2 protein chains.
Amino acid sequence: MLLGAIEGGGTKFVCGIGTTDGQIVERISIPTTTPEATLDQAMSFFANKGIAALGIGTFGPIDVNPQSPAYGSVTSTPKPHWSGYRILDHVQRFMDIPVGFDTDVNAAALGESVWGAAKGLRNCLYMTVGTGIGVGAIVEGNLVHGLLHPEMGHIVVKRHLLDSYAGNCPFHGDCLEGMASGPAVEKRWETQAVQLDAAHTAWELESFYIGQALATYILILSPEVIILGGGIMNQAHLFPRIREHVKSHLNRYVQHPVFSTDLETYIVPPALAGNAGLCGALALAKEALIR
Amino acid sequence: MLLGAIEGGGTKFVCGIGTTDGQIVERISIPTTTPEATLDQAMSFFANKGIAALGIGTFGPIDVNPQSPAYGSVTSTPKPHWSGYRILDHVQRFMDIPVGFDTDVNAAALGESVWGAAKGLRNCLYMTVGTGIGVGAIVEGNLVHGLLHPEMGHIVVKRHLLDSYAGNCPFHGDCLEGMASGPAVEKRWETQAVQLDAAHTAWELESFYIGQALATYILILSPEVIILGGGIMNQAHLFPRIREHVKSHLNRYVQHPVFSTDLETYIVPPALAGNAGLCGALALAKEALIR
């Protein structure tokens, strides 16, 4: 049995065909233009592939509440053409199969919990640090939606003492995303993040903010594992530094054996690596099929 | 059918008998001394009452993981005699009925979701602001436990510009509890909280910190309603101020109709009022019975 997966991003939509055990057998990448053009191309890719269900993990904000009249649509976004667009309606004009629909980060969290680093666990976080900062969460076996869906990238952070950068979040200035997203790093240091070598202060600040945010998530959600992905996390030297900052922020308050370790098995890269997003969408398809 | 409930606090244990529809029919209050003496008195109260199940919502930190060898015990606490005490074992020596065991705040959240302000909702928070700050959460219908259990009172907060108080959390100094618990208010202003009139700056700072923390919880958990209890929240004038601070911290980022309102139905006192804790323990008993 084959399943379809769409990883919808702000610059590209990756579409894939996969199996129920998480293997991607075919994929294409479509540049994100208007919703109509982008989704029409995606639908052409899936035509006659015989998929039994489709999963869509997409950038947002989106309406993920099946009881809402706007379920399956993008809500308000600065991205031209996409505000209010009904993605799910578009897809359902082309196919009459179960469709799972969730945020890109919730999808990635689900994928890692089904086939990756959180396999068999009932609580995990998947955080992506790139153009933006997003976090998907599974709590007691369920993807977290709640009133809307989490927007964990925008939490308040305490500033690093050496940091005078104002932050670049249009809503909150110096929230986590405003201080630690890829664009924040690049604007603060006026250079591309990949050009900053591992010894640069940039990474001390980055680890400080991400570590602080993870400590907050740990205090609130008590995840069993935390998976960090996204472009910025390709700087592998960040992992041990972030783990140190998490421990220093928690300051021995949370008493669990894992916090006596160096957190090497607690704060990890995606086991699905570059496939985390697409496999996540595949996991949404699988879930839609079962439901 | 009657159920038993224990609301275990640092200064008193309240024990009650109630019905499956949340009515408390009898109660006593026992001063918290040693665990043996306190629990023996509680067991005497319940003897021959014919309860079908017991719920225990207690101060912590506690081990709430049924798979853990230490399930049902207090973990490490500065409170003399209580570290490592096996509450559940003590109780099960006296009664052979289903026993539910969780944190006091998780119990209160559950009680409000079964009979109170969060009735019928799948996501809610119950926060108590008193001697400490604790938060219980229900996410997609489940109490949040995760790796351990949340310790949301200890999240990082950004300081109020007018506030030079160092904070009184022994672990983190100026975390939320260090800045906004009852003892923090009293040490900062060197007077009893109840003596500070509504116009005092103390309450502006208090609303700022609580509002900021609620904004963080909203971004992470997306609750459908937030219930605020505890001694400090008896200052009813705090509610509208906290709601304003929540809106100002979120700064129109979270797009849901409720955030266009004054949040009067979103951030509320416990519908179960002074019974929130005991009814919460009753709800744990009911859940244990069903399970």
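One can find the structure itself at the top, above this paragraph.
Heads up: these notes are all about the structure in this document. Just so it is clear, the model here is predicted, and its values are computed rather than measured. Note that residues are indexed from 1 along each chain, following the sequence as it is written. Chain A is the first chain written and ligand 1 is the first ligand written, with later ones labelled in order. Reporting of local features is limited, given that this is a predicted model, to residues whose pLDDT is at least 70; pairs of side-chain atoms are given and counted only at 80 or more, and all residues count toward the totals for whole chains, interfaces and linings. For side-chain calculations, the full set of non-hydrogen atoms in the structure is used, while hydrogens and water are omitted.

**Looking at the overall build of chain A**
The numbering of helices and of strands both runs from the N terminus, where a helix is a DSSP run of H or I of at least 4 residues and a strand a run of E of at least 2. In terms of regular secondary structure, chain A is built from eight helices and ten strands. Since a compact globule built from 291 residues should have a radius of gyration of about 19 Å, the 19 Å found for chain A is in line with a globular shape. Principal-axis analysis of the C-alpha atoms gives chain A an extent of 55 × 40 × 35 Å. Burial classes follow relative accessibility: with a 1.4 Å probe on protein chains only, a residue under 20% of its type's maximum area counts as buried, one over 50% as exposed, and anything between as partly exposed. Of all 291 residues assigned to chain A, the portion counted as buried reaches 59%. Restricting the contact set of chain A to residue pairs at least 6 apart, pairs at least 24 apart contribute 62%. Only the protein chains shown count as cover for residues, with accessible areas throughout obtained via the Shrake-Rupley method and a probe of 1.4 Å. With an accessible surface of roughly 11300 Å², chain A has 53% of that area assigned to carbon and sulfur atoms. Every radius of gyration here is taken over C-alpha atoms, with the globule rule written as 2.2 Å times N^0.38, N being the number of residues. By the convention used here, residues are in contact when the closest approach between their heavy atoms is within 4.5 Å.

**Describing the packing of helix H5 (residues 182-189) of chain B against helix H6 (residues 201-221) of chain B**
All names here are of chain B. Axis lines are fitted to C-alpha atoms, over the contacting stretch for helices. Their N-to-C directions set the angle, which ranges from 0 to 180 degrees. Relative orientation of the contacting elements H5 and H6 amounts to 145°, with a least axis distance of 11 Å. Classified by chirality, the crossing of H6 by H5 is right-handed. Along the contact surface, H5 presents Val185, Arg188 and Trp189, while H6 presents Thr201, Ala202, Leu205, Glu206 and Tyr209. When the residues that make up the contact of H5 with H6 are grouped by side-chain class, the tally is five nonpolar, one polar and two charged. Left-handed describes a crossing in which the near helix is turned anticlockwise from the far one by less than a right angle; the clockwise case is right-handed. Throughout this entry, Asp, Glu, Lys and Arg are counted as charged residues, while Ala, Val, Leu, Ile, Met, Phe, Trp, Tyr, Cys and Pro are counted as nonpolar. The remaining residues, Gly among them, count as polar.

**Section: the sheet that holds strand S3 (residues 24-31) of chain A**
All names here are of chain A. Strands are treated as partners if at least two bridges between them are detected by DSSP. Strand order in the open sheet formed by five strands is S3-S2-S1-S4-S5, with mixed pairing between adjacent strands. On the outer flanks of this sheet lie S3 and strand S5 (99-103), each paired with one strand and no other. With direction set aside, neighbouring strand axes in the sheet form an average angle of 15°. As paired strands, strand S4 (residues 54-58) and S5 are joined by five bridges and run parallel to one another. Bridge assignment links glycine 55 to a residue of S5, and that residue is glycine 100.

**Here's the deal with the packing of aromatic side chains**
Only the six-membered ring of Trp is used, alongside the rings of Phe and Tyr, when aromatic pairs are assigned; centres must lie within 6.5 Å, and planes under 30 degrees apart are stacked while those over 60 apart are edge-to-face, with the rest tilted. Applying the stated criterion to the full structure yields 16 aromatic pairs over all chains. Ring geometry for B:Tyr71 and B:Phe101: centres 6.1 Å apart, planes at 80°, overall edge-to-face. Here B:Phe101 lies in strand S5 (residues 99-103) and B:Tyr71 lies in the loop between strand S4 (54-58) and helix H2 (87-92), a separation of 30 residues in the sequence. The exposure classification of B:Tyr71 matches that of B:Phe101, with both residues buried. An aromatic cluster is defined as three or more aromatic residues linked by ring pairs; in this entry it consists of A:Phe13, A:Phe59, A:Trp82 and A:Tyr85.

**Here we look at the pattern of salt bridges**
When a carboxyl oxygen of Asp or Glu is within 4 Å of a side-chain nitrogen of Lys or Arg, the pair counts as a salt bridge. In the structure shown here, the tally under the stated rule is 14 salt bridges over all chains. Measuring nitrogen to oxygen at the nearest pair gives 2.9 Å for the salt bridge that ties A:Lys158 to B:Asp174. Within this pair, whereas A:Lys158 is found in the loop between strand S8 (142-143) and helix H4 (176-180), its partner B:Asp174 is found in the loop between strand S8 (142-143) and helix H4 (176-180), the two belonging to separate chains. One salt bridge connects B:Glu287 with B:Arg291, and the closest N-O pair in it is separated by 4.0 Å. The exposure class of B:Arg291 is exposed, given its relative accessible area of 68%. Put simply, A:Lys158, B:Arg159 and B:Asp174 are held in one network by salt bridges that share partners.

**Examining the relation of the copies chain A and chain B**
Copies overlap after least-squares fitting; the atoms used are the C-alpha atoms of residues with pLDDT of at least 70 in both. Once chain A is rotated about the relating axis by 180° and shifted along it by 0.0 Å, it coincides with chain B to within an RMSD of 0.0 Å. When the rotation and shift are considered jointly, the pair of chain copies conforms to a two-fold rotation axis. Relative to the rotation axis, the closest C-alpha in chain A is found at A:Lys158, a distance of 2.7 Å. Interface residue correspondence from chain A to chain B reaches 100%, placing this contact among same-surface, isologous pairings.

**So, helix H7 (residues 238-250) of chain B**
Residue and element names in this part refer to chain B. Taking 1.5 Å per residue as the helical rise, H7 with its 13 residues ought to reach 18 Å, and the 18 Å between its terminal C-alpha atoms agrees with that figure. Taken as a whole, H7 has its buried residues at Leu238, Phe239, Ile242, Arg243, His245, Val246, His249 and Leu250. End-on view of H7: buried residues confined to an arc of 165°, all on one side of the axis. Those residues of H7 that are buried lie in contact with H6, strand S9 (225-229) and strand S10 (267-268). Backbone geometry just after H7 places asparagine 251 at a positive phi near 50°. The span you would expect from a helix comes to 1.5 Å times its residue count less one. The directions considered for the arc run from the helix axis to the C-beta atoms.

**Points about the interface of chain A and chain B**
It is common to give the size of an interface as the accessible area lost on bringing the parts into contact. Contacts between the two partners involve 44 residues from chain A, matched on the other side by 44 residues from chain B. Two parts placed together each lose some accessible area under a 1.4 Å probe, and the buried area is that loss summed for both. For the pairing of chain A and chain B, the buried interface totals around 4000 Å² over both sides, and the portion due to carbon and sulfur atoms is 63%. On the chain A side of the interface with chain B, the three residues burying the most area are A:Leu147, A:Ile220 and A:Tyr253, jointly 20% of the side's total. The tally of links from chain A across to chain B stands at two salt bridges. Elements that contribute at least two residues to the side of chain A that touches chain B include exactly S8, helix H6 (201-221) and helix H7 (238-250) of chain A. Top element by residues in the side of chain A that touches chain B is H6(A). It accounts for six residues. Tallied by class, the residues present in the side of chain A that touches chain B amount to 22 nonpolar, 16 polar and six charged.

**Remarks on the environment of A:Val225**
All names here are of chain A. Relative to the assigned elements, valine 225 resides in strand S9 (residues 225-229). On the accessibility criterion, valine 225 (3% relative accessible area) is buried. In this structure, the C-alpha to C-alpha distance between valine 225 and tyrosine 126, residues 99 residues apart in sequence, is 8.8 Å. Residues in contact with valine 225, not counting those within four places in the same chain, are Ala117, Ala118, Leu121, Asn123, Cys124, Leu125, Thr265, Tyr266 and Val268.

**Considering the sheet that holds strand S1 (residues 2-8) of chain B**
Residues and elements named next belong to chain B. If you trace the five strands from one edge of the open sheet to the other, you get S3-S2-S1-S4-S5, paired in mixed fashion. The strands lining the two open edges of the sheet, one partner per strand, are strand S3 (24-31) and S5. Strand-to-strand, the axes of this sheet are offset by a mean angle of 15°, without reference to chain direction. Both S1 and S4 contribute to a ladder of five bridges, which runs parallel. Across the sheet, the residue bridging to alanine 5 is glycine 55, located in S4. Of the strands in this sheet, S1, strand S2 (12-19), S3 and S4 touch helix H1 (residues 35-46), which is tilted by about 20° from S2.

That is the geometry; function is a separate question.
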